[in-house]
Amino acid sequence: MRRVGFTTTIPLEVLVAAGVVPIDLNNVFITHPEKTSLIEDAELTGFPRNVCAWIKGIYGAVVASGVKEMIAVTEGDCSYTKALMEVLSLNGVRVYPFAYPAGREAAPLKAEIEKLMSFFGVSWAEVDEAKKRLDRIRAKVHEIDRLSWQENRVTGEENHYFQVCTSDMNGDLDAFEAEVDAFLAQAAQRPERRERIRLAYLGVPPIVSGLYDFVEQVGARVVFNETQRQFSMPYGIQDLVEQYRAYSYPYDIFHRIGDISRELEKRKVDGVIHYVQSFCFRQIEDMVLRKSIKLPILTLEGDKPGDIDARTKIRLEGFLELFDERG
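Going along each chain's sequence as written, the residues are numbered from 1 onward. With pLDDT at 70 or above as the cut-off, local features in this predicted model cover only qualifying residues; side-chain atom pairs require 80 or more to be listed or tallied, and sums for whole chains, interfaces and linings still use all residues. Side-chain measures were taken over the full set of non-hydrogen atoms in the model, leaving aside hydrogen atoms and water.

If you check an unreviewed UniProt entry, the chain appears there as 2-hydroxyacyl-CoA dehydratase from Geomonas oryzisoli. UniProt positions are given in the numbering used here, feature names are shortened, and annotations may be inferred rather than shown by experiment. Quoted straight from UniProt, the Sequence similarities (unreviewed entry) entry for the chain says "Belongs to the FldB/FldC dehydratase alpha/beta subunit family."

Note: strands within a sheet are paired through backbone hydrogen bonds, in either parallel or antiparallel orientation. In this analysis, strands are considered paired if DSSP registers two or more bridges between them. Under the DSSP-based scheme used, a helix requires at least four consecutive residues in state H or I and a strand at least two consecutive residues in state E, with every element numbered from the N terminus. Sheet architecture is open: four strands sit in the order E2-E1-E3-E4, paired in parallel fashion. The outermost strands of the open sheet, each flanked by one partner alone, are strand E2 (21-24) and strand E4 (94-99). Averaged over all neighbouring strand pairs, the angle between strand axes comes to 25°, with direction disregarded. Here helix H5 (residues 81-90) sits on the sheet in contact with strand E3 (69-75) and E4, set at roughly 155° to E3. Whether two residues are in contact is decided by their heavy atoms, any of which lying within 4.5 Å being enough. Where helices are involved, their axes are fitted lines through C-alpha atoms of the stretch in contact, as for all axes, and angles between N-to-C directions lie from 0 to 180°. Running at roughly 160° to E4, helix H6 (residues 106-120) makes contact with strand E1 (3-6), E3 and E4 of the sheet.

Another aspect to go through is helix H9 (residues 173-187). Here, expected helix span is obtained from the residue count minus one, scaled by 1.5 Å. The terminal C-alpha atoms of H9, which comprises 15 residues, lie 21 Å apart, in line with the 21 Å expected from a rise of 1.5 Å per residue. When accessible area is computed with a 1.4 Å probe and restricted to protein chains, residues below 20% of their type maximum are described as buried, those above 50% as exposed, and intermediate ones as partly exposed. Within the span of H9, buried status applies to Leu173, Phe176, Glu177, Val180, Phe183, Leu184 and Ala187. Viewed along the axis of H9, the buried residues span an arc of 125°, placing them on a single side of the element. Residues of H9 that are buried in the fold lie against helix H1 (12-18), helix H7 (124-149) and helix H8 (156-165). The backbone nitrogen of Asp174 lies 3.3 Å from a side-chain oxygen of the residue at the head of H9, namely Asp172. The directions considered for the arc run from the helix axis to the C-beta atoms. Polar contact criterion, stated in full: a pair of N or O atoms within 3.5 Å, where within protein one must be able to donate a hydrogen and the other to accept it, and residues adjacent in sequence count only if both atoms are side-chain atoms.

Judged by pairing direction, the sheet is parallel, and its four strands sit side by side in the order E7-E5-E8-E9 without closing on themselves. Looking at the sheet topology across the chains shown, the edges are occupied by strand E7 (220-225) and strand E9 (297-302). Each strand axis lies, on average, 30° off the axis of its neighbour in the sheet, ignoring direction. As judged from the four bridges shared by strand E5 (residues 197-202) and strand E8 (residues 271-277), these two strands associate in the parallel manner. Within the sheet, the bridge partner assigned to Tyr201 lies in E8 and is Ile273.

We now examine unusual backbone geometry. Positive phi, normally seen in glycine, also occurs at Arg104, with a value near 65°. Along the chain, the position of Arg104 falls in the loop between E4 and H6. For Asn170, which is not glycine, the phi dihedral falls at a positive 60°. Structurally, Asn170 can be placed in the loop between H8 and H9. A relative accessible area of 38% places Asn170 in the partly exposed class.

Another aspect to go through is the environment of Arg245. Tracing the sequence through the fold places Arg245 in helix H12 (residues 240-246). Since its relative accessible area comes to 21%, Arg245 is described here as partly exposed. C-alpha separation for the pair Arg245 and Gly171, spaced 74 residues apart in sequence, amounts to 24 Å. A polar contact of 2.6 Å, which involves the side chain of Arg245, links it to the backbone oxygen of Arg104. Side-chain polar atoms of Arg245 contact the side chain of Glu242, separated by 2.8 Å.

Written out as structure tokens, the structure reads:
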């Protein structure tokens, strides 16, 4: 089947309507058995060492997976994407640009979606039908999220996994829905978890592994994964344009903070982990978050793939000790 990659969440409904296999290149990179070598290969090609590892990993993922078509989000995501798009175009990859309008206006967003539809030859009727199919799966993933924070039956890692997979439904809607159904049936029978500290995870998904497991080893649990939840289109909006206007990730930090603040209160969160990626412009947003959120915040920075390191573990333990001291 025709396979189409993309650099971050795009209107997935268009690709599903077109009958192509959607591939979130971030997921290809981070699950690749030799993901460190993908970055090294990109650097050998000429990518600078002080460029975000996700960009180098996406480049490596395109080369390794043989993807020949991709959608590059040129506004609303990484500022390096335009240059990545140019390099891949030289390598024979057909690249379709997509831009989230900075001001969240409906008309330009609709125009961008329709431009994407024209690239793939689909109509609004076909896209709306695809949305119904996707929303059925998304609703089940929303139930996994609810089991995380309301019934305390799901780990932070599981919550992260199922929500992050909604960006491309693992490239196979039927198989992913079956995986979700099996997990829901099992998770609903679990006893309630008893971690003493409830945390939120803000920022892009982590490039390091083992973070969620370590947090739970020391008596806490992530009950809110901000960006991963956004991938699942959590608001149940029927209109496609409005759905992607409400999607907070590609827009300004203040739009994100509105959603974050509501969820922190609803989920009774005690503290916040803000993950930032090395060499990413979003690191600057940490200053805004700290002034806007009145809970304790620990900022963690990740660079390249690998297990959570000793320094990060020590910082997490020290952060969680604050809650014990407050009693």
